[in-house]
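# A closer look at the structure
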Amino acid sequence: AYNYLEHTDNYHPNELGSYLKACTYYLIMFGDDFGPDSDCDLPASDAGKLRQAARDVVPDEATRQTFHIR
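Only a predicted model underlies this, so the values are computations on that prediction, with no experimental measurement involved.

### Details of the side chain of D39
As for its position among the elements, D39 is in the loop between α1 (15-30) and α2 (44-57). In contact with D39, not counting residues within four places along its chain, are Y19, A44, A47 and R51.

This is the structure we're talking about:
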């Protein structure tokens, strides 16, 4: 369902893939959610879908202690 996140070289992430990666890292590092005002100039529907995907990947109990981040 997310096979559109790679650049044309099928290796590096495109803008949407980079956004998903950033959202995932943010949740892991800070444990906080982010709002729709953080769309980074992406279409709101795409950004919302990718933020939800990040939430689905990072479990609620993911904290700095879980991932050993100081």
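Next comes the rest of the write-up.
### So, the packing of aromatic side chains
Overall, the coordinates contain 1 aromatic pair when judged by the stated rule. Summarising the aromatic geometry, the rings of Y26 and F30 are spaced 5.0 Å apart at their centres and angled 50° between planes, so their arrangement reads as tilted. One end of the pair is Y26 and the other is F30, both in helix α1 and 4 residues apart, which spans about a single turn. For Y26, a relative accessible area of 34% translates into the label partly exposed. For F30, a relative accessible area of 41% gives the class partly exposed.

### What about the pattern of salt bridges?
What the rule picks out here adds up to 1 salt bridge. For D39, the salt bridge is made with R51, and the minimal N-O distance between the two is 2.6 Å. Here the residue D39 occupies a position in the loop between α1 and α2, and R51 occupies one in helix α2, the gap between them amounting to 12 residues. The two residues D39 and R51 agree in class, both being buried.

### Observations concerning the nonpolar core
Counting residues in each nonpolar core, the largest one holds 14 residues, and the members touching the most others are Y19, L20, L50 and A54. Secondary structure elements with two or more residues in this core: α1 and α2. Per-element tally for this core: the top contributor is α1, with 6 residues. Not counting residues within four places of it along the chain, the set of residues in contact with L20 comprises L5, L50, A53 and A54.

### Things to note about α1
Helix length check: α1 (16 residues) gives 22 Å between terminal C-alpha atoms against 22 Å at 1.5 Å per residue, within 8%. Among all positions in α1, only L16, G17, Y19, L20, C23, T24, L27 and I28 are buried. Projected onto a plane normal to the axis of α1, the buried residues spread over an arc of 170° and lie on a single side. If you follow the buried residues of α1, they end up packed against α2.

Here is what the cut-offs are and how they apply
- Residues numbered from 1 in each chain as written.
- Predicted model: local features only at pLDDT ≥ 70, side-chain atom pairs only at ≥ 80, totals over all residues.
- Heavy atoms only, no water.
- Helix = DSSP H or I, 4+ residues; strand = E, 2+ residues; numbered from the N terminus.
- Contact = heavy atoms within 4.5 Å.
- Phe/Tyr/Trp six-rings, centres within 6.5 Å; stacked < 30°, edge-to-face > 60°.
- Buried < 20%, exposed > 50% of the residue type's maximum accessible area, 1.4 Å probe, protein only.
- Salt bridge = Lys/Arg side-chain N within 4 Å of Asp/Glu carboxyl O.
- Core = buried A, V, L, I, M, F, W, Y, C linked by side-chain atoms within 4.5 Å.
- Expected span 1.5 Å × (residues − 1).
- Arc of directions from axis to C-beta.

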